[in-house]
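Analysis of the macromolecular model
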Amino acid sequence: MCRSMRGHGSHRSRHRHGGFGYGRGAFGPGGGPYWRGRKARRGDIRTAALLLLAEEPRNGYQIMQVLEERSGGVWRPSPGSVYPALSQLEDEGLIRSEESDGRKVFALTDAGRAQVEERDASKPAPWEQMSGDFGEEAYALGRLVREVYFAFVQVSRAGSEEQIAKAKEVLTEARRRLYLILADGEEGEGEVRDV
């Protein structure tokens, strides 16, 4: 069977039946695993954008970057959520857009600054509520999981049947060893294989 035919049919069946494919439920917005942090609510982007723009003018991409950094990587809002929120804030007269070095940046208007000043200063920022106790090690682990996932996608799309079978063995072994960590199991150094 040619690779394109095999890939088309087997790829679908793996996803439909659970196999070793991942559906959208396994990964959160931005391609990262779902962690313990609170899920974004309606209005979080608006509030976060206003608070960040109170610090200095920023473009949409910078807002997304800062939110990811300040939440420890837990919150990675997409352009599809950030730009509509910015557009709405602009329509409401709370922010204005301006050109800076050939780029469109957003800044607070007087009305927007007044709204920020009215906010309860003791209330945590949305990104602080998202991050909770999520540490740097857990964030690094999340990045590694994403990288492994992308490698898996490449093998499942372009690999031969033999390569896919080997990838499945590697993932099965990795899963087993992760459960051993949770169970406080230990393996002798001689048994540890590079996975």
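As the structure is a prediction and not an experimental result, all values here were calculated from the model.

**Describing the pattern of salt bridges**
Here the structure, examined in full by the defined rule, presents eight salt bridges. A salt bridge links Arg 96 to Glu 98; the nearest nitrogen and oxygen atoms lie 3.4 Å apart. According to the relative accessible area criterion, Glu 98 is partly exposed, its value standing at 29%. Salt-bridge contacts for Lys 166 lead to Glu 162; the nearest nitrogen and oxygen are separated by 3.7 Å. One end of the pair, Lys 166, and the other, Glu 162, are both in helix α8 (residues 161–182), four residues apart, so they sit about a helical turn from each other. Judged by its relative accessible area of 54%, Glu 162 is exposed. Salt bridges here are not isolated pairs; linked through shared partners, they connect Glu 55, Glu 56, Arg 58 and Arg 70.

**Remarks on the side chain of Ser 71**
Along the chain, Ser 71 turns up in the loop between α3 (60–70) and α4 (79–91). Judged by its relative accessible area of 0%, Ser 71 is buried. Only 3.3 Å separates the side chain of Ser 71 from the backbone oxygen of Glu 68, close enough to count as a polar contact.

**Considerations on the nonpolar core**
Within the largest apolar cluster, 24 residues are counted, with the highest numbers of intra-cluster contacts made by Ile 63, Leu 67, Leu 86, Ile 95 and Trp 127. Only α2 (44–55), α3, α4, β2 (103–108) and α6 (126–131) provide two or more residues apiece to this core. With seven residues, the top contributor of residues to this core is α2.

**What about the packing of aromatic side chains?**
Counted according to the given criterion, the structure contains two aromatic pairs. Centroid distance Tyr 149 to Phe 150: 5.7 Å. Interplanar angle 55°. Geometry classified as tilted. Relative to Phe 152, the ring of Tyr 149 has its centre 6.2 Å away and its plane inclined at 40°; by these criteria the two rings are tilted. Here Tyr 149 and its partner Phe 152 are both found in helix α7 (residues 136–158), three residues apart, which amounts to about one turn of the helix. Note on accessibility: Tyr 149 and Phe 152 belong to one class, buried. Through successive ring pairs, a cluster of aromatic residues spans Tyr 149, Phe 150 and Phe 152.

**A short note on the packing of α2 against α3**
Where α2 meets α3, the closest approach of the two axes is 11 Å, and the angle between their N-to-C directions is 100°. Compared by their axis directions, α2 and α3 come out roughly perpendicular. Only Ile 63, Val 66, Leu 67 and Arg 70 of α3 make contact with α2, whose side of the interface consists of Ile 45, Ala 48, Ala 49, Leu 52, Leu 53 and Glu 55. Of the residues contributing to the contact of α2 with α3, the split by class is eight nonpolar, no polar and two charged.

**Here we look at unusual backbone geometry**
Phi is positive for Asp 101, close to 55°, though the residue is something other than glycine. On the secondary structure map, Asp 101 appears in the loop between β1 (95–100) and β2. In this structure Asp 101 comes out as exposed when scored by relative accessible area, which is 79%.

**Quick word on α4**
Compared with the 18 Å implied by 1.5 Å per residue over 13 residues, the 18 Å span of α4 between its first and last C-alpha is a close match. Of the positions making up α4, those classed as buried are Val 82, Ala 85, Leu 86 and Leu 89. Seen from one end, α4 has its buried residues packed into an arc of 100°, which puts them on one side. The exposed set on the far side of α4, more than 90 degrees from its buried face, consists of Gly 80 and Asp 91. Contacts from the buried residues of α4 go to α2, α3, β1 and β2. In the segment just after α4, Gly 93 is the residue with positive phi, at about 80°.

**Here's the deal with the pairing of β1**
Sheet analysis places β1 next to β2, joined by six bridges and oriented antiparallel. Bridge pairing links Glu 99 to Lys 104 in β2.

The rules behind these values
Position numbers for residues count from 1 along each chain, tracking the sequence in the order it is written. Where totals are concerned, whole chains, interfaces and linings use all residues; where local detail is concerned, this predicted model gives features only for residues with pLDDT of at least 70, and gives and counts side-chain atom pairs only at 80 or more. Just so you know, side-chain values use all the structure's heavy atoms and leave hydrogens and water out. Put simply, a salt bridge is a Lys or Arg side-chain nitrogen that is within 4 Å of an Asp or Glu carboxyl oxygen. Each residue's exposure class comes from its accessible area (1.4 Å probe, protein chains only) as a fraction of the maximum for that residue type: buried when under 20%, exposed when over 50%, partly exposed otherwise. Only runs of H or I of at least four residues qualify as helices and only runs of E of at least two qualify as strands under DSSP, and these elements are numbered from the N terminus. Residues adjacent in sequence count toward polar contacts only when both atoms are side-chain atoms; beyond that, a polar contact is any pair of N or O atoms within 3.5 Å, and within protein one must be able to donate a hydrogen and the other to accept it. Within this scheme, the nonpolar core is defined by two criteria: the residues are buried Ala, Val, Leu, Ile, Met, Phe, Trp, Tyr or Cys, and they are joined through side-chain atoms within 4.5 Å. Stacked, tilted and edge-to-face are the three classes applied to pairs of Phe, Tyr and Trp rings, where Trp contributes its six-membered ring and a pair requires centres within 6.5 Å; stacked means planes under 30 degrees apart, edge-to-face means over 60, and tilted covers the rest. Each axis is a line fitted through C-alpha atoms, taken for helices only over the stretch in contact, and angles between the N-to-C directions span 0 to 180 degrees. The cut-offs work like this: below 35 degrees is roughly parallel, past 145 is roughly antiparallel, 65 to 115 is roughly perpendicular, and the gaps in between are oblique. The contact criterion used throughout is that any non-hydrogen atoms of two residues lie within 4.5 Å. Throughout this entry, Asp, Glu, Lys and Arg are counted as charged residues, while Ala, Val, Leu, Ile, Met, Phe, Trp, Tyr, Cys and Pro are counted as nonpolar. The remaining residues, Gly among them, count as polar. Multiplying 1.5 Å by the helix residue count minus one yields the expected span of that helix. Comment: arc refers to directions from the helix axis out to C-beta atoms. Should DSSP find at least two bridges between two strands, the strands are regarded as paired.

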